[in-house]
Amino acid sequence: MPALRLTSLSPWQRSALTLGLAMVGAVVFRMIGLPLPFLFGPMFACLLAALLGLPLRGTGQIGIGARTILGIAVGATLTPALIATLPSMIGSILLIPLYIALIGLIGVPFFRKVCGYDAATAWYSAMPGGLQDMIIFGAEAGANPRTLSLIHATRVLIIVTLAPILITQVFGASMSHPVGEPARDLPVSEMLIMAAAGLIGWKGGEKIGLFGASILGPLIVTGALSLAGFIHHRPPAEAIYVAQFFIGSAIGVGYTGVTMREIRRDVAAGVGFVLILALLAAIMSEIVYSLGLAHSVEAFLAFAPGGQAEMTVLAIVAGADLGYVVVHHILRILLVITGAPIAARLMRIRQKDAP
C-alpha cells in the first residue's frame, strides 16, 4: 500500500516530500488568490498531510537558517529615529510581566485541574515562550515533550490563522503591504552585508547560547550595522517569502504522527488554552490602545501570544510598527525563558508532583 511505502522513506526523502507538499500548497494558495500564500499555503498543506499520516520531516538547518531573514529584517529597522521612540514604549512594556503572570495564574490550573496534566507538563504548557525552549525545559523537569509540542504548535497555528482575519475584519487594516523591495532594486553590496550579518549573528549567537539565536543574533548584528549607516534596506521581498515558506511548513510539520487520542486530549487542550489567551490578549491590547500607548493593530500584534517569527511576518505584511511589535515579543520570550525554569525550581514543579 502507498502509506506503507511512504513509511520506509529515508530522512532526506521525507524532507523532500515535505518541501514538495509545501510548494504545492504555496502555488495553490497563490493561484486562487488566498492571503499570505507563502505562509498559509505550506502551513495548511503540511498540516493536512500530517493529519493524514504522511511521514513529514522538518528541513533542519535550512529551515532554521531561513528564520535569520526575519532577524535581518527587524535589525534593518533599527535606526536612531526608532531608538529615540523607545522611551514612549515603556508604558506598554511594563504590562508584559503582568500579562505573563496572568497567563500562568490561569493557564497552569487549567492544564492541571481541567486537562489532568502532571505539574511539570501543566507548567510548561502554560508558559507563552518559544516552542523549542519550553520543550527542552519541560523535558528536563520530567514533563511530556510530545504534549508540550502539540500544545504550543496548536497555540501558534490558531493565532497565526486568526490574526490576519482579526486585523482585516476587526481593525480594518490591510494585509497587502509590500514585504520589501525586489532583489533587483537593492544594492548587491548591501545584500551581501545582510547575508554576512545573518550568518555571523546566527552562528555567533548559537556559540554563546543566545536564546532564539537564529533570529535574535542576526537582529543584533544587523541592527548595529544599520545604526552605523551600513544598511539602509530590509532584505529583498524574495527572501521574506522564503522565510514565510519555511515558517509555514514548520508549523504544519509539528503535527506529524499525531494520533486521535492526542487530538482529543492535547490538541483540544491547546484549543481551550488559546481561548484563554485570546481573552487575556484582548484585554491587554485594549488597555494599551485606550491609554494611547499604541495604535490598535500594533497593540494587538504586540500582545498576540504567537511565535516571534510568525508575529514578525504578520507585522511586516500589515505595515505595522515592526520595532514596537518585536520589542514586546522579545521581552515576553526573554522573561519566560529566564523566569519559567527558575520559578519551576523554586516551586519544585516536577513530574513527581503529578496526582
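The model shown is predicted, which means the values in this text are computed figures rather than measured ones. (Residues numbered from 1 in each chain as written. Predicted model: local features only at pLDDT ≥ 70, side-chain atom pairs only at ≥ 80, totals over all residues. Heavy atoms only, no water.)

K.L.:
It is not clear to me how the overall build of the protein should be interpreted in this structure. Could you clarify?
P.N.:
In terms of regular secondary structure, the protein is built from 17 helices and 0 strands. For 355 residues, the compact-globule formula gives about 20 Å, and the C-alpha radius of gyration of the protein, at 20 Å, lands near that figure. Taking the principal axes of its C-alpha atoms as reference, the protein extends roughly 60 × 55 × 45 Å. Each of the 355 residues in the protein was classed as buried or not, and the buried ones make up 51%. Sequence separation of 24 or more characterises 78% of the internal contacts of the protein that already satisfy a separation of 6 or more. Approximately 15900 Å² of the protein is accessible, and the part contributed by carbon and sulfur atoms is 70%. Distance between charge centroids for the protein: 12 Å, based on 21 positive and 15 negative side chains. (Helix = DSSP H or I, 4+ residues; strand = E, 2+ residues; numbered from the N terminus. Rg over C-alpha atoms; globule rule 2.2 N^0.38 Å. Buried < 20%, exposed > 50% of the residue type's maximum accessible area, 1.4 Å probe, protein only. Contact = heavy atoms within 4.5 Å. Areas by Shrake-Rupley, 256 points an atom, 1.4 Å probe, with all protein chains shown as cover. Lys, Arg positive; Asp, Glu negative; His and termini not counted. Charge placed at Lys NZ, Arg CZ, Asp CG, Glu CD.)

K.L.:
Explain the nonpolar core here, please?
P.N.:
Counting 104 residues, the largest nonpolar core has Phe-111, Tyr-255 and Leu-301 as the members making the most contacts within it. Non-local contacts of Phe-111, meaning those with residues more than four positions away in its chain, are made with Gly-116, Tyr-117, Ala-122, Ser-125, Ala-126, Ile-151, Ala-269 and Phe-273. (Core = buried A, V, L, I, M, F, W, Y, C linked by side-chain atoms within 4.5 Å.)

K.L.:
In this structure, what is going on with helix α8 (residues 119-126)? I would like to understand it.
P.N.:
What sets the pattern is the α-helix's 3.6 residues per turn: residues three or four places apart point alike. Within α8, 8 of the 8 residues are buried, leaving the element largely enclosed by the surrounding structure. Regarding α8, the residues found buried are Ala-119, Ala-120, Thr-121, Ala-122, Trp-123, Tyr-124, Ser-125 and Ala-126. On its buried side, α8 packs onto α7 (95-114), α9 (131-140), α10 (145-169), α14 (260-290) and α17 (322-346). For α8, the N-terminal capping position is held by Asp-118, with its side-chain oxygen 3.1 Å away from the main-chain nitrogen of Ala-120. (Polar contact = N/O pair within 3.5 Å; in protein donor to acceptor, adjacent residues only side chain to side chain.)

K.L.:
Before we go on, may I ask you to explain a nonpolar patch on the surface in this structure?
P.N.:
Residues Val-24, Val-27, Val-28, Met-31, Ile-32 and Leu-34 make up a contiguous nonpolar surface patch of roughly 570 Å² in combined accessible area. Within the element layout of this structure, Val-24 appears in helix α2 (residues 11-31). (Patch = residues over 30% accessible without salt bridge, like charges linked within 9 Å, V, L, I, M, F, W, Y side chains within 5 Å. Salt bridge = Lys/Arg side-chain N within 4 Å of Asp/Glu carboxyl O.)

K.L.:
I'm lost on the environment of Ser-214 in this one. Help?
P.N.:
Within the element layout of this structure, Ser-214 appears in helix α12 (residues 213-227). Between the C-alpha atom of Ser-214 and that of Leu-314, which follows or precedes it by 100 residues, the distance is 18 Å. If sequence neighbours within four positions are ignored, Ser-214 has contacts with Ile-64, Arg-67, Thr-68 and Trp-202.

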